[in-house]
Amino acid sequence: DAGVIQSPRHEVTEMGQEVTLRCKPISGHNSLFWYRQTMMRGLELLIYFNNNVPIDDSGMPEDRFSAKMPNASFSTLKIQPSEPRDSAVYFCASSTFGLAVPANTGELFFGEGSRLTVL
Amino acid sequence: GESVGLHLPTLSVQEGDNSIINCAYSNSASDYFIWYKQESGKGPQFIIDIRSNMDKRQGQRVTVLLNKTVKHLSLQIAATQPGDSAVYFCAENMPISYSGGYQKVTFGTGTKLQVIP
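Residues numbered from 1 in each chain as written. Chains lettered and ligands numbered in written order. Predicted model: local features only at pLDDT ≥ 70, side-chain atom pairs only at ≥ 80, totals over all residues. Heavy atoms only, no water.

(A) View of the overall build of chain A. Assigned secondary structure in chain A consists of zero helices and 11 strands. Counting from the amino terminus, chain A carries its helices and strands in the arrangement β-β-β-β-β-β-β-β-β-β-β. Scaling as 2.2 N^0.38, a compact globule of 119 residues should have a C-alpha radius of gyration of about 14 Å, and chain A matches this with 14 Å. By the burial criterion, 48% of the 119 residues in chain A qualify as buried. For chain A, long-range pairs separated by at least 24 residues make up 56% of all intrachain contacts whose partners lie at least 6 apart in sequence. Roughly 5,600 Å² of accessible area belongs to chain A as shown, and the carbon and sulfur atoms make up 52% of that amount. Across chain A, the centroid of the 10 positively charged side chains sits 2 Å from that of the 13 negatively charged ones. (Helix = DSSP H or I, 4+ residues; strand = E, 2+ residues; numbered from the N terminus. Rg over C-alpha atoms; globule rule 2.2 N^0.38 Å. Buried < 20%, exposed > 50% of the residue type's maximum accessible area, 1.4 Å probe, protein only. Contact = heavy atoms within 4.5 Å. Areas by Shrake-Rupley, 256 points an atom, 1.4 Å probe, with all protein chains shown as cover. Lys, Arg positive; Asp, Glu negative; His and termini not counted. Charge placed at Lys NZ, Arg CZ, Asp CG, Glu CD.)

Next comes the structure, spelled out in structure tokens:
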């Protein structure tokens, strides 16, 4: 398997522009997470999907951020309009876990990230 | 709650020595914990996990210890090698309130391990 695939790897844009980050999870995984990583705040969970349904979006910073998962093999994270403080590395991760059961394993498989710079 | 990383703790270790990386987790209801390793320019990678009904688990050159009383995790790396240089994160599976049993994975601040050849 190719692993979790994210695009673009790097994006430089100007304040006010729309940014769309894309993620293809590992085939067969039913959980997908979007994280944002900065030096100041570390790895922050933005949103968690299970079976394409958003389960927890309490980490989404504000209305400028939105995420979708139209099917099991694709998710997007959109920022509109973008601001300089959105500059960060955005990671997508997928997993096989869902509802907490004794056999639950929480290992996340991460993509290589999308580095966003908003000027 | 979440950690705010204003400063990444750094641990410098001589090659061949043992390393111990510590982590305090936040939620007493968390029942599953994982250590991840993140190399420069890459996403975090799984190292070892432990469930809350255990206090120790060993892997290849790594051991994780869990102290639920004080909500503390540690990662021990034996005979540290230059390839172990990276940032290490602990993560906890935290229950999501009112979700019907789902959990989310939250990460600690991270510790940078530097191995001196």
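From this point, the discussion proceeds with the structure in view.
(B) Region of interest: the packing of aromatic side chains. Scanning all chains against the criterion turns up 11 aromatic pairs over all chains. Measuring from centroid to centroid gives 5.7 Å for Tyr35 of chain A and Phe110 of chain A, while their planes differ by 40°, and the two rings are tilted. Here Tyr35 of chain A is found in strand β4 (residues 31-38), whereas its partner Phe110 of chain A is found in strand β10 (residues 109-110), with 75 residues between them in sequence. With centroids separated by 5.2 Å and ring planes inclined at 45°, the aromatic side chains of Tyr36 of chain B and Phe107 of chain B adopt a geometry described as tilted. Taken together, the residues Tyr36 of chain B in strand β3 (residues 32-38) and Phe107 of chain B in strand β9 (residues 103-107) connect sequence positions 71 residues apart. Feature note: the residues Phe33, Tyr35, Tyr48, Phe91 and Phe110 of chain A together with Tyr36, Phe89, Tyr102 and Phe107 of chain B constitute an aromatic cluster, connected by ring pairs. (Phe/Tyr/Trp six-rings, centres within 6.5 Å; stacked < 30°, edge-to-face > 60°.)

(C) The arrangement of the state of the cysteines in detail. The tally for this structure, following the rule as stated, stands at two disulfides over all chains. Covalently, Cys23 of chain A is tied to Cys92 of chain A through a disulfide, its sulfur atoms 1.9 Å apart. Handedness here is read from the sign of the S-S torsion; for Cys23 of chain A and Cys92 of chain A, about -65°, the answer is left-handed. Here Cys23 of chain A, found in strand β3 (residues 19-24), pairs with Cys92 of chain A, found in strand β9 (residues 88-95); they are 69 residues apart in sequence, far enough to count as distant. Here Cys23 of chain A matches Cys92 of chain A in class, with each residue buried. Here Cys23 of chain B pairs with Cys90 of chain B through a disulfide, and the sulfurs are 1.5 Å apart. With Cys23 of chain B in strand β2 (residues 19-24) and Cys90 of chain B in strand β8 (residues 86-95), the pair connects residues that are 67 residues apart, well separated along the chain. Take Cys23 of chain B and Cys90 of chain B: they sit in the same class, and that class is buried. (Disulfide = S-S within 2.5 Å.)

(D) Here's a closer look at the sheet that holds β2 of chain B. Residue and element names in this part refer to chain B. Taken together, the four strands give an open sheet; going across it, the order is β2-β7-β6-β5, and neighbouring strands pair in antiparallel fashion. The open sheet terminates on both sides in strands that have one partner only, identified here as β2 and β5 (56-58). Here the strands of the sheet are splayed against their neighbours by 15° on average, with no regard to which way each runs. With six bridges joining them, strand β6 (residues 62-67) and strand β7 (residues 72-77) adopt antiparallel strand pairing. Considered in β7, the bridge of Leu66 is made with Leu73. (Pairing = 2+ DSSP bridges. Axes fitted to C-alpha atoms, helices over the stretch in contact; angles between N-to-C directions.)

(E) Representation of the side chain of Asp86 of chain A. All names here are of chain A. Within the element layout of this structure, Asp86 appears in the loop between β8 (74-79) and β9. Here the side chain of Asp86 touches Arg64 through a polar contact of 2.6 Å, side chain to side chain. Excluding residues that lie within four positions of it along the chain, Asp86 makes contacts with Arg36, Arg64, Phe65, Ile79, Pro81, Leu116 and Val118. (Polar contact = N/O pair within 3.5 Å; in protein donor to acceptor, adjacent residues only side chain to side chain.)

(F) View of the pairing of strand β4 (residues 45-51) of chain B. Residue and element names in this part refer to chain B. Summarising the sheet, β3 and β4 pair through six bridges and their orientation is antiparallel. Among the inter-strand pairings, Lys37 is bridged to a residue of β4, identified as Gln45. Where β3 folds back onto β4 in an antiparallel hairpin, the turn is made up of six residues, including Gly41, whose phi is positive at roughly 80°.

(G) Layout of the sheet that holds strand β7 (residues 65-71) of chain A. Residues and elements named next belong to chain A. Strand order across the open sheet formed by four strands is β1-β3-β8-β7, with antiparallel pairing between neighbours. Single-partner strands in this sheet number two, and they are β1 (5-7) and β7. When strand polarity is set aside, the average angle formed by the axes of neighbouring strands in this sheet is 15°. With three bridges connecting them, β1 and β3 associate as antiparallel partners. Paired with Ile5 across the bridge in β3 is Lys24.

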